[in-house]
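So you can see what is in the structure, the chains are spelled out below.
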Amino acid sequence: MSAVTQGQPKLYESQKLARWYFIVAIALFGAQLLFGLIAAYQQINPRFLLDVAPFMTNRTLHVNAMVVWLLVGMVGGVYWFLPKETGREVVGITLAKIVWWVLVAGVAVLVGIYLFVQYGPGKMTTLWFIMEGREYLEAPRWVDIAIVVWVAVFLFNVIATVLASRRITGILTVLIFDLVALGALYTAGMHYQLNLTMDQFLWWWVVHLWVEATWEVLVGVLMAWSLMYLLGVSRRLVETWLFIEVALVFGTGILGLGHHYFWIGTPEYWLGLGGFFSSLEPLPLVAMVVHSVYDAGAHRLGTVNKPAMFWLIAQAFGNFIGAGVWGFMQTLPQINMFSHGTQLAAAHGHLAFFGAYVATVLLLVYIAFQNLRVPVQVPLDSRLWKWAAALLILGIVGISAAFTLSGFTQTLIERAVGGSTWAAFIQGYTHPWYANTLGWRYFFGWVMLTGYVLLVIDLASIGKKRTA
Amino acid sequence: MDYTWIEITVAAIFLTAIVTAVLSRGAGWLSWHLWRNAMLVSSVVMTGILLWLSWDTVNRVRPGAGRIPPWTVINHEIGLKWDPERRWQVPVIGEETGFFGKIYTPEEAKALVNKGKITFQSRNCMECHTLLGNGAYYAPDLTRAWLDPWWESRIMPMVGAETREEAMKRWLMNPPQYPQGQRIMPNLGLTDEEATALVAFLKWMSAIDTNGFPPHFGMMTPR
Ligand code: HEM
Ligand code: HEM
Ligand SMILES: [Fe+2]
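Remember, it's a predicted structure, so these values are computed and weren't measured experimentally.

Enquirer: Looking at this structure, how should I read the overall build of chain A?
Expert: Scanning chain A for helices and strands turns up 16 helices and two strands. Taken over the C-alpha atoms alone, chain A extends approximately 65 × 45 × 45 Å along its principal axes. Looking at chain A as a whole, 65% of its 468 residues qualify as buried. Within chain A, counting contacts between residues at least 6 apart in sequence, those at least 24 apart form 82% of the total. Side chains of chain A carry 25 positive and 20 negative charges; the gap between the two charge centres is 13 Å.

Shown next, in the form of structure tokens:
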């Protein structure tokens, strides 16, 4: 392939900030993998670090690092594309830079608390300063407030920039409404609820309505921009597809929330509503596959950035398989009654988060790092990114396959046959079909970590004496 | 609420389709305008229905309102029985037997369960266990932990307790001393008061009507 080079394009301040966002994201990705590996090893050897960092500590860091880095990565993506879309510098960029520092400091303090304090006495002050103790939302209340402030500043940047540019596009409209919803939903998780049913009812407003509604739409926006950038697809086409996807995501995903209200004490009508609407949730994901594959084909894969193009296509398929297929697998109440609360959910969680969000952020990172150094090579390409991608994907597929088997064993042995007691639980995890998956999960974790190291090396060496 | 889920589903879909069609008269089916309208209408309709259903749900899950037990359930015996009409197991609240040899007033009971809930969150139990099936998958589901037959058959003799609440409390205060399987629950430094409150919280949770989850709890396990 003939390598064309071009000079360093001038970057907006907001795009420089975006790169700092991506650096935080990639660093936390590494932390996530590390703590995931420790958690996986503790399932093999339950006495490992039992007194120093018990399972819940590592798992908390694993899932919290994930939520933060994916959100940071997507916000970075918006900071990257926003000035291009509006044709001007982002308004309030200084404030945004200060908030970046606050974000980094806040994350550092939080990791310190999680690692070294771990938990506190059974008092309200613990929930405010140390540990809130709800999966994904473990962060104490002060962090919740900090997150709301962060999202508010970000929202201000977006809205003020759009207003100042006097230009509103379909993509920007979707983005603004989505970010308002995303921020507002987070506050649903910021209340102490004595009634456990109400606690989980609101907890899912954050967890489900984030990943299956507002995040999915945010990804749609970032995909739309990426397709226009990578392939030069027309705005009219991209926007129409975006609208179709949003209509389907919100049309199915909002009431699809009901698939988490089958067994938590909420009324029986959720069995039908949740089952029906959530089983249609794969529809927009199919639409996204069709959309990106069609566009890529129509432009004969001619792109300026090969790794970004790869992750874009991987995102479309990964989102469909991880969220659509693995989610559908357990979403009907007649199945979920037995699979609920087993590692089948973890299988789906890994595949879906990776396919939908990790792939998106990696796509954005490659776009933003393309012009890291002069001269810029077009199209961006290397051998290393292929190895990194292959190992990351092999890793997540292996981990998810292992979780699928252990979840299947739990569903069968612990729930259906055993009746879900303590003894049935032990019968489940000591069953060879479950026990044998533990080593595989751990092994593929190392595969993934290797892929991660290659990814970092590849990103760090972009533009350094590269011959394609 | 007097509507079935099928009626709500059909209404949601028709409302979205008809309002979109009316708003987009004349626009082609693949046009930018039609799909922008579809997006706006579906968002508004679905959000509206969700808010309306949430209102109904919130009112039906108040403690003591039927599906969720009152706090004073901790004074009572609790069991599961087959409901021939709903065709799954439902919790039944039996006679008043007291909790740790005491009858709690409604205020005392609420305060105790509250302490238990806060302790549960402060120790991050949910990152090892599931409750109502949600959380982590390292340790047993706690939805019906209070009703688990092992407390009587294994733990009471092991820790030398006379009652189930006493057995749970002693076990929770030092789980590594009495491991039951390969996976061990760490000692989380629970005080006497915190452990009592946790047992109350677990007992209260076991009486939530969960539409039969987990299915046939405790009906088939080796004891
Ligand atoms: C990118 C989109 C998605 C992501 C990131 C995602 C992620 C997750 C995660 C992490 C969980 C476990 C929650 C927990 O810790 O308790 C979960 C649960 C679940 N998801 Fe998804 N999901 C997505 C989309 C979907 C879709 C489209 C469906 C349905 C077709 C679905 C169906 C389910 C169901 C039924 C559960 C509950 C499992 C259980 O009962 O234990 N998800 N999801
Ligand atoms: C080194 C690779 C990884 C390893 C070894 C690993 C291992 C684990 C383990 C052991 C758990 C706890 C499961 C349980 O409760 O029994 C877990 C949970 C989880 N991990 Fe990973 N993980 C890895 C990478 C990832 C990645 C890349 C993602 C997403 C992008 C991810 C997302 C999650 C999620 C969402 C959960 C919670 C699942 C749920 O509650 O259903 N993990 N992981
Ligand atoms: Fe969901």
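Enquirer: Just checking my understanding: could you explain the coordination of the iron atom of ligand 2 for this structure?
Expert: A four-donor tetrahedral metal ideally has 109.5 degree angles, and a six-donor octahedral metal ideally has angles of 90 or 180 degrees. Residue and element names in this part refer to chain A. Looking at the metal site, the iron atom of ligand 2 is ligated by His62 (NE2) and His350 (NE2), spaced 2.0 Å from it. Geometry at the iron atom of ligand 2 is octahedral, judged from the six donor atoms that bind it and their angles of 87 to 180° at the metal. Taken as a pair, His62 in helix α2 (residues 55-86) and His350 in helix α13 (residues 343-369) lie far apart in primary sequence, 288 residues in all.

Enquirer: Quick question: what am I supposed to make of the site of ligand 1 here?
Expert: Every one of the 28 residues lining ligand 1 counts as a neighbour, but Glu135, Tyr136, Asn336, His340 and His348 of chain A are closest to it. Neighbouring residues of ligand 1 are distributed over chains A and B. Here a nitrogen atom of ligand 1 and a side-chain polar atom of His348 of chain A are 2.8 Å apart. Listed by contribution, the elements that provide at least two residues to the shell around ligand 1 are α7 (196-231), α11 (306-328) and α13 of chain A. Here the element with the most residues in the shell around ligand 1 is α13 of chain A; it accounts for seven residues. In terms of residue class, the shell around ligand 1 is made up of twelve nonpolar, twelve polar and four charged.

Enquirer: Explain a nonpolar patch on the surface to me, please; I cannot follow it from the model alone.
Expert: Among the surface-exposed residues, Trp5, Ile6, Val10, Ile13, Phe14, Ile18 and Val22 of chain B lie close enough to one another that they form a single nonpolar patch of about 630 Å² accessible area. Turning to its location among the elements, Phe14 of chain B is positioned in helix α1 (residues 5-23).

Enquirer: Would you take a moment to explain the coordination of the iron ion (ligand 3) for this structure?
Expert: Residue and element names in this part refer to chain A. The protein atoms donating to the iron ion (ligand 3) are His208 (ND1), Glu212 (OE), His259 (NE2) and His260 (NE2), with metal-donor distances spanning 2.0 to 2.2 Å. For the iron ion (ligand 3), the four donor atoms are set out with angles of 82 to 144° between them, so the coordination reads as irregular. For the iron ion (ligand 3), the donor residues sit on a single chain with the sequence spacing H-x3-E-x46-H-H. Taken as an interatomic distance, the gap from the iron ion (ligand 3) to the iron atom of ligand 1 is 4.4 Å. Pair noted here: Glu212 is in helix α7 and His259 is in the loop between α8 (235-256) and α9 (269-279), with a separation of 47 residues, a long-range link.

Enquirer: What is the right way to read unusual backbone geometry from this model?
Expert: Trans is the prevailing form of peptide bonds, just as negative phi is the prevailing case for residues other than glycine. Cis rather than trans, the peptide bond between Phe213 of chain B and Pro214 of chain B has omega equal to -10°. The backbone phi angle of Asn124 of chain B is positive, close to 60°, even though this residue is not glycine.

Enquirer: When you look at empty space enclosed by the protein in this model, what are you seeing that I'm missing?
Expert: Empty space left among the atoms is revealed by rolling a probe the size of a water molecule over them. Overall, the coordinates contain six cavities of 30 Å³ or more when judged by the stated rule. Size it by volume and the second largest cavity reaches roughly 560 Å³. The wall of the second largest cavity is formed by 37 residues, among which His129, Ala139, Pro140, Trp171 and Met185 of chain B lie closest to the centre. Looking at the lining of the second largest cavity, the elements with two or more residues in it are α15 (422-430) of chain A together with α5 (164-173) and α6 (192-205) of chain B. At four residues, the largest contribution of residues to the lining of the second largest cavity is made by α15 of chain A.

Criteria and cut-off values
- Residues numbered from 1 in each chain as written.
- Chains lettered and ligands numbered in written order.
- Predicted model: local features only at pLDDT ≥ 70, side-chain atom pairs only at ≥ 80, totals over all residues.
- Heavy atoms only, no water.
- Helix = DSSP H or I, 4+ residues; strand = E, 2+ residues; numbered from the N terminus.
- Buried < 20%, exposed > 50% of the residue type's maximum accessible area, 1.4 Å probe, protein only.
- Contact = heavy atoms within 4.5 Å.
- Lys, Arg positive; Asp, Glu negative; His and termini not counted.
- Charge placed at Lys NZ, Arg CZ, Asp CG, Glu CD.
- Donors = N, O, S within 2.8 Å, 3.2 Å for Na, K, Ca; no water.
- Tetrahedral: all angles 85-135°; square planar, octahedral: opposite > 155°, others 65-115°.
- Near = heavy atom within 4 Å.
- Polar contact = N/O pair within 3.5 Å; in protein donor to acceptor, adjacent residues only side chain to side chain.
- Nonpolar A, V, L, I, M, F, W, Y, C, P; charged D, E, K, R; others polar.
- Patch = residues over 30% accessible without salt bridge, like charges linked within 9 Å, V, L, I, M, F, W, Y side chains within 5 Å.
- Areas by Shrake-Rupley, 256 points an atom, 1.4 Å probe, with all protein chains shown as cover.
- Salt bridge = Lys/Arg side-chain N within 4 Å of Asp/Glu carboxyl O.
- 1 Å grid on protein atoms, 1.4 Å probe; cavity = no way out; pocket = protein on both sides within 12 Å on 5 of 7 lines; lining within 4 Å.
- Points joined across faces, edges and corners; volume = space filled by probe spheres on them.

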